Amino acid sequence: MEAAPAPVLDAFARRLDGVRIAYDWVPGDRPILLVHGFASTARVSWTGTGWVRFLEQAGRGVLLPDLRGHGRSDKPHRAADYAPRQLAADLVVVLDTLGLDQVDVVAYSMGSRVAAALAVLAPDRVGRLVLGGAGPVELFESWDRETMTRLLGGESPPDPMIAAVIAAAVGGGGDRAALLACVEGFSGAALDVPAGIPVLYVAGGADPIPAGVAELARARGSAYRELPGRDHLNALASREFMQAALEFLA
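Residues numbered from 1 in each chain as written. Predicted model: local features only at pLDDT ≥ 70, side-chain atom pairs only at ≥ 80, totals over all residues. Heavy atoms only, no water.

Asks: It is not clear to me how unusual backbone geometry should be interpreted in this structure. Could you clarify?
Replies: For residues besides glycine, phi is generally negative; the peptide bonds are generally trans as well. Positive phi, normally seen in glycine, also occurs at Asp10, with a value near 55°. If you trace the backbone, Asp10 turns up in strand S1 (residues 8-14). Using a relative accessible area of 44% as the deciding quantity, one classes Asp10 as partly exposed. The phi dihedral of Ala39 is positive, around 65°, even though this residue is not glycine. Along the chain, the position of Ala39 falls in the loop between strand S3 (29-35) and helix H1 (42-47). (Helix = DSSP H or I, 4+ residues; strand = E, 2+ residues; numbered from the N terminus. Buried < 20%, exposed > 50% of the residue type's maximum accessible area, 1.4 Å probe, protein only.)

Here is the structure:
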C-alpha cells in the first residue's frame, strides 16, 4: 500500500502584484477550504480547535490559508488591499497553485464573507458552503477608524465580544496597521451567495454577531444550525458544528 501524501506546510502562493498568501495543505479526497476570521490564523482557528484532525479522519483533504494581513501572509497597509474581492482572489490563486478545480468551503466570522466573495468571484470553484458566525449585518460597519485605532492601541471597548476579538489581535502580535486597513477595506462586505450553491449557516445561540442569520437562511431556502449556549468565541470548537458541517458536505 502506498503511503499517504505528506502534508505541505508553510507554502506560499503569489499574486501578480507580489502579495504572498501562506497556506498549509493536507492532501485527501474532495478537499475542504477552511477560511478563518479577523485577527486569527488558519492554525489557530482550524488546527487548534480540532477541525483539521476531524476532517483528516473523515478522509477529506484540507486547505488552510492565512488571509492577507494575518499570520504568515503578507500584510499590506492600504484599505483598498482588503476589499472582499481581493481576499477572494487570493484564495483563487491558492487553488490554482495546487491545481484544485473545485473545493467545498467552511468559513467562520469574517471568513464567511470572504467565502461568499469567493463564490461570487469564482462560483465554479465552490461546491458547497458552510458559513459560521456571520449574519446579514457586517460588524466592521460600526467600527470607525478613530475607535478602531484606540482599540488597537489598548483602549478597552465596551462590548465584551469586541474586546475579546481585539485582545486576541493585540496579544497575538498582529500587525496593527494591517488589521486597521482590513477593518476599513472590508467594512460593509456582503454575505450574498450566488443561487445554485448550497449553503449551511451556523451560529452560536448566545452569539449576537450573526443576528438575523436564521431569517436569512429561511429567505434563501438554505439550511441553518444553531449551537445552543455557544458564543462567538467558542462556537468554532463545537463538535456539533464539525459534525453538522461534515454531514452537509458529504
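Asks: How should helix H7 (residues 176-186) be read in this particular structure?
Replies: For an α-helix, the turn length of 3.6 residues means that residues three or four places apart are oriented alike. Summarising burial for H7: 8 of the 11 residues are buried, a large majority. Taken residue by residue, H7 has Ala178, Leu179, Leu180, Ala181, Cys182, Val183, Gly185 and Phe186 as its buried positions. Its side-chain oxygen placed 3.2 Å from the backbone nitrogen of Ala177, Asp175 serves as the N-cap of H7. Gly188 occupies a position one or two residues after H7 and carries a positive phi of about 85°. (Polar contact = N/O pair within 3.5 Å; in protein donor to acceptor, adjacent residues only side chain to side chain.)

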